[in-house]
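# Chains, contacts and geometry: an overview
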Amino acid sequence: MMSIYRAEVLATRALTPGMVRITFGGPGLAGFETTGVGDEYLRVFLPDAGEHEARLPISTGESWDWESGVKPSAMRTYTVRTVDPAAGTVDIDFVVHDGGVAAAWAQRAEVGDVVGLNSPTGLYEPPAELQWQILLADATGLPAVARLLEKTPPGVRTRVLIEVEDPSHQQDLVIGAGTEVAWIHGGNGHSQSRLDEALKSMELPGGTGYIWVAGEAKVLRGIRKYLRHEKKLTPESYKLIGYWTDKSEAWTERWENLDAETRRWFDELWSDEKRDREELEDLQDAKFELLGL
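Below, the structure is looked at part by part. (Residues numbered from 1 in each chain as written. Predicted model: local features only at pLDDT ≥ 70, side-chain atom pairs only at ≥ 80, totals over all residues. Heavy atoms only, no water.)

Take the packing of helix H4 (residues 217-230) against helix H7 (residues 277-291) next. It is the contact of H4 with H7, at a shortest axis distance of 11 Å, that shows an interaxial angle of 135°. One finds that H4 runs oblique with respect to H7. Crossing angle aside, the handedness with which H4 passes H7 is left-handed. Together, Arg221, Arg224, Lys225, Arg228 and His229 of H4 and Glu278, Glu279, Glu281, Asp282, Asp285, Phe288 and Glu289 of H7 make up the contact between the two elements. Its residues assigned to classes, the contact of H4 with H7 comprises 1 nonpolar, 1 polar and 10 charged. (Axes fitted to C-alpha atoms, helices over the stretch in contact; angles between N-to-C directions. Helix = DSSP H or I, 4+ residues; strand = E, 2+ residues; numbered from the N terminus. Parallel < 35°, antiparallel > 145°, perpendicular 65-115°, else oblique. Left-handed = near helix turned anticlockwise from the far one by under 90°. Contact = heavy atoms within 4.5 Å. Nonpolar A, V, L, I, M, F, W, Y, C, P; charged D, E, K, R; others polar.)

As structure tokens, then:
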């Protein structure tokens, strides 16, 4: 059951030059149910520029819709950083940068402002009897990495690699025994990401493991190709989440200007029930590469 929550800004705090933490609460957030998964995500419905309260959709059971005549609010997807059931609060860390609807709102958010949140969905699905994990992310995935580390069971060997713009964007993390954390600087739209290069330089341990990667969509396509086709890993042993697209406006313009036949090819691809999702991803990635997308 999908729920829509009216969430009030209770506090804002700059964590680094590139990230702001916003704490949400209020009576409209009562009953918020976390999945308990470290990288659960939700949609944030945002106020218009110059306004302090977002227009909220209505739940339709498994999704949401807008009442007739209501202009939809801008919406963006974010991971949950912390849920405090006792206090009735939810923390979300926003990457802030020039441009971007959510980044602009997060930088001007004030106590008392109101957004909408929907029910969260968890993504992290390690295999049973997990012995080791590798967590890689750029700045957009840092909040999820931090929460995943806090929820990592004792005894699971963990390697973490996080790519941020420069040392001022690093954060203190809760690190348990058997966890190694390294930071690299660059990427994040400022230079070429080195997450794929770093992963390829790692020797994967034996035993039951899980690789979780979050970052820019095209970078993750290359990582997926490496894990699936070079390392021959099963789909259950990794999770790749594209949080953003570099030069997204140019990408969107090229996508929208594709010819009708190519657009139809993409639509028909995902209606093919004879192939599994991984095969469909292979075909889509190859087509994106061919088109330069």
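It is worth spelling out the nonpolar core at this point. Counting 24 residues, the largest nonpolar core has Ile22, Phe24, Ile92 and Trp105 as its most contacted members. Residue assignment for this core shows that the elements contributing at least two residues are strand E1 (4-16), strand E2 (19-25), strand E3 (41-46), strand E8 (89-95), helix H1 (101-108) and strand E9 (114-118). The residues touching tryptophan 105, leaving out its near neighbours within four places in the chain, are Val9, Ile22, Phe24, Leu46, Pro47, Phe94, Asp113 and Val115. In terms of nonpolar packing, the next biggest core, distinct from the first, is built from 22 residues, Ala137, Val145, Val156 and Val164 among them. (Core = buried A, V, L, I, M, F, W, Y, C linked by side-chain atoms within 4.5 Å. Buried < 20%, exposed > 50% of the residue type's maximum accessible area, 1.4 Å probe, protein only.)

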